[in-house]
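Residues per chain are reported as follows:
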Amino acid sequence: MKPLEGLRILAIEQFGAGPYGTTFLADLGAEVIKIENAASGGDPARYTGPRMLGAADSEYFQSWNSGKHSIVLDLKSQVGREALEALVAESDAVVNNLRGDQPEKLKIDYASLQSLNPAIVCLHISAYGRDNERKTWPGYDYLMQAEAGLMSITGEPDGPPSRFGPSIVDYMTGMVGMVGLLSCLMRARQTGKGCDVDTCLFDVALHQLGYTATWFLNNGDVTERMPRSSHFSVAPVQTFPTADGWIFVMCMTEKFWTNLTADLGRNDLLEDARFASPEARRLNREALSAVLDDEFRKATTEDWLQRLSGKLPVGPVYNLRQALENPFVARSGMIRTVAHPANPELKLLSSPLKVDGVRPNSSVCAPLGADNETFVTTRKYAAVDR
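Let us look at the structure shown here. (Residues numbered from 1 in each chain as written. Predicted model: local features only at pLDDT ≥ 70, side-chain atom pairs only at ≥ 80, totals over all residues. Heavy atoms only, no water.)

**Points about the overall build of the chain**
Across its full length, the chain holds 17 helices and eleven strands. Dimensions of the chain, computed from C-alpha atoms along their principal axes, come out at roughly 80 × 50 × 40 Å. Buried positions account for 46% of the 386 residues belonging to the chain. Of the contacts formed within the chain by residues at least 6 apart in sequence, a portion of 65% connects residues at least 24 apart. (Helix = DSSP H or I, 4+ residues; strand = E, 2+ residues; numbered from the N terminus. Buried < 20%, exposed > 50% of the residue type's maximum accessible area, 1.4 Å probe, protein only. Contact = heavy atoms within 4.5 Å.)

Take a look at the structure:
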């Protein structure tokens with residue numbers, strides 16, 4: 001079941017946040033038409049290595065764009081503009097993740113498109129927003145992690161500030177954008193009136209500070225980097241060394257703490273004044289870590305998982321190979337094989353959503369401009385750049 005079937009999205013997008021979000025829509029049945037610029041070679045992600053899939057395509061690109069159509073238009077030309085307007089008249093939304101000053105210049109905002117389709121919803125994903133002094137600035141995920149303070153609370157206390165591994169701000173901004181888009185589409189279907197809806201990388205990055213921001217704004221508390229990926233306020237919630245690796249233990253509640261001490265045969269810890277309450281354990285985190293380190297080093301990671309899984313939240317600390325070759329991942333269906341002209345057995349991560357217990361499936365993104373014949377030239381715009 002594809003809940004978004006019948007929805008047409010025009011996506012003027014490149015690289016991360018926009019493509020990540022619209023891929024979810026494509027997986028759920030929306031017809032996502034990716035509009036690329038032929039003069040620039042299309043989305044730069046098509047050329048991002050090291051693993052290429054023939055000309056103007058790559059594994060990097062497909063990871064952000066599966067299930068989409070591709071057309072090429074020069075939106076600054078008259079013929080390209082006419083083709084876009086014809087599509088807008090028959091679409092539900094226009095999504096872009098361009099620099100903040102570009103939607104107005106390219107006339108892809110609601111003010112410019114409402115005469116063609118009063119119900120059109122225009123989602124704008126930019127670096128810093130469209131209504132401030134930074135609207136002309138380019139920007140990317142890692143810059144946002146740096147300026148929003150996320151890097152200052154990531155990594156070991158004695159190490160340099162660190163970014164999250166993958167482009168987490170792109171992912172989060174794409175999903176925030178989709179929440180806004182789908183919400184406004186619901187209203188547009190009820191009222192017949194569309195709108196602009198905005199989000200930006202910087203705002204979403206700052207929003208990820210969450211409760212650490214609340215603590216500072218109300219009490220002046222400055223959260224610092226914690227050793228061993230520890231929780232900022234709850235202990236023991238961190239990594240522990242085992243006989244052959246690492247395990248992550250999360251005693252987020254008193255129940256899980258008592259379950260841990262019982263399994264360790266260390267009920268004496270419940271009577272120890274240093275660990276007798278959540279606040280005491282937080283204040284004496286270092287001493288508690290030393291005690292638990294000695295316990296966890298007595299068995300392997302797999303042994304601990306067998307003993308503790310289901311009794312309290314625990315998990316192995318895997319490297320990339322171990323994470324993707326985990327038998328549980330295979331059984332859960334989180335890896336799918338899709339046919340690509342350059343690789344009939346191309347493997348991609350599956351959608352993390354299920355509808356009626358079934359993960360949506362989709363094809364690879366079309367080659368650059370492959371769908372012009374379907375969506376553009378048959379409309380009399382044969383002169384469109386291809």
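**Comments concerning the sheet that holds strand 8 (residues 246-250)**
If you trace the three strands from one edge of the open sheet to the other, you get 7-8-9, paired in antiparallel fashion. Each edge of the open sheet is held by one strand with a lone partner, namely strand 7 (237-241) and strand 9 (314-316). Shown here is a sheet whose adjacent strand axes are inclined to one another by a mean of 25°, direction ignored. Bridge count for strand 7 against strand 8 is five bridges, and the pairing is antiparallel. Bridged to V237 within strand 8 is M250. This element, helix 13 (residues 285-296), spans strand 7 and strand 8 of the sheet and lies at about 40° to strand 7. Contacting strand 8 and strand 9, helix 14 (residues 301-308) crosses the sheet at an angle of about 155° to strand 9. (Pairing = 2+ DSSP bridges. Axes fitted to C-alpha atoms, helices over the stretch in contact; angles between N-to-C directions.)

**Focus: the packing of helix 10 (residues 254-264) against helix 14**
For the pair helix 10 and helix 14, the least separation of the axes is 11 Å and the interaxial angle reads 120°. The two elements helix 10 and helix 14 meet at a crossing, and its hand is right-handed. Where helix 10 approaches helix 14, its residues L260, D263 and L264 are matched on the opposing element by W304, R307 and L308. In terms of residue class, the contact of helix 10 with helix 14 is built from four nonpolar, no polar and two charged. (Left-handed = near helix turned anticlockwise from the far one by under 90°. Nonpolar A, V, L, I, M, F, W, Y, C, P; charged D, E, K, R; others polar.)

**Notes on the pattern of salt bridges**
Under the criterion given, the structure shown has 22 salt bridges. Of the charged contacts in the structure, one is a salt bridge between K105 and D101, with a shortest N-O distance of 3.1 Å. By relative accessible area, which is 57% here, K105 ends up exposed. According to the relative accessible area criterion, D101 is buried, its value standing at 7%. Taking the shortest distance from any N to any O, the salt bridge between K298 and E295 comes out at 3.3 Å. One continuous salt-bridge network, built from bridges that share partners, spans E13, K34, D43 and K68. (Salt bridge = Lys/Arg side-chain N within 4 Å of Asp/Glu carboxyl O.)

**Observations regarding the sheet that holds strand 2 (residues 31-36)**
Pairing is parallel across the open sheet formed by six strands, whose spatial order is 3-2-1-4-5-6. Two strands close off the open sheet at either side, each with one partner strand: strand 3 (69-72) and strand 6 (195-200). Each strand of the sheet is rotated relative to its neighbour by a mean of 20°, with strand direction disregarded. In terms of strand pairing, strand 2 meets strand 3 through four bridges, oriented parallel. Note that in strand 3 the partner of I35 across the bridge is I71.

**Topic: the pairing of strand 1 (residues 8-12)**
Within strand 1, five of the five residues are buried, which leaves the element mostly enclosed by the surrounding structure. Of the two faces of strand 1, both are covered, the one formed by R8, L10 and I12 as well as the one formed by I9 and A11. Pairing geometry for strand 1 and strand 2, over four bridges, is parallel. Across the sheet, residue I9 finds its bridge partner in strand 2, namely V32. You can see the chain leave strand 1, run along helix 1 (residues 17-27) and come back into strand 2, and the turn it takes is right-handed. Two elements, strand 1 and strand 4 (residues 93-96), share four bridges in a ladder whose sense is parallel. Residue pairing in the sheet places I9 in a bridge with A93 of strand 4. (Right-handed = clockwise from strand over helix to strand, strands pointing away.)

**A few points about the environment of Q14**
With respect to the element layout, Q14 can be found in the loop between strand 1 and helix 1. Sequence separation between Q14 and L353 is 339 residues; the distance between their C-alpha atoms is 23 Å.

**Topic: the nonpolar core**
For soluble globular proteins, nonpolar side chains are generally found buried alongside one another. In terms of nonpolar packing, the biggest core is built from 37 residues, with I9, L25, V121, M144 and L181 touching the most fellow members. It is helix 7 (residues 168-191) that provides the largest number of residues to this core, a total of six residues. With residues near it in sequence (within four places) discarded, L181 still touches I9, L25, A93, V95, V121, L123 and V197. Grouped together as the second largest cluster of nonpolar side chains are 21 residues, A83, V88, F375 and V376 included. (Core = buried A, V, L, I, M, F, W, Y, C linked by side-chain atoms within 4.5 Å.)

**What about a nonpolar patch on the surface?**
Taken together, the side chains of L320, L324, I335 and L349 make up a nonpolar region of the molecular surface, amounting to roughly 400 Å² of accessible area. Looking at the secondary structure, you find L320 in helix 15 (residues 320-324). (Patch = residues over 30% accessible without salt bridge, like charges linked within 9 Å, V, L, I, M, F, W, Y side chains within 5 Å. Areas by Shrake-Rupley, 256 points an atom, 1.4 Å probe, with all protein chains shown as cover.)

**As for the packing of aromatic side chains**
Under the counting rule described, the total for this entry stands at twelve aromatic pairs. Judged by centre distance (4.6 Å) and plane angle (40°), the ring pair of Y20 and Y171 falls under tilted. Here the residue Y20 occupies a position in helix 1, and Y171 occupies one in helix 7, the gap between them amounting to 151 residues. Members of the aromatic cluster, joined through ring pairs, are Y20, F24, Y60, W64 and Y171. Note that R134 overlies the ring of F202, its terminal NZ or CZ placed 5.9 Å from the centroid. (Phe/Tyr/Trp six-rings, centres within 6.5 Å; stacked < 30°, edge-to-face > 60°. Lys NZ or Arg CZ within 6 Å of the ring centre and 35° of its normal.)

Fair warning: the whole summary comes from geometry, so function is off the table for now.
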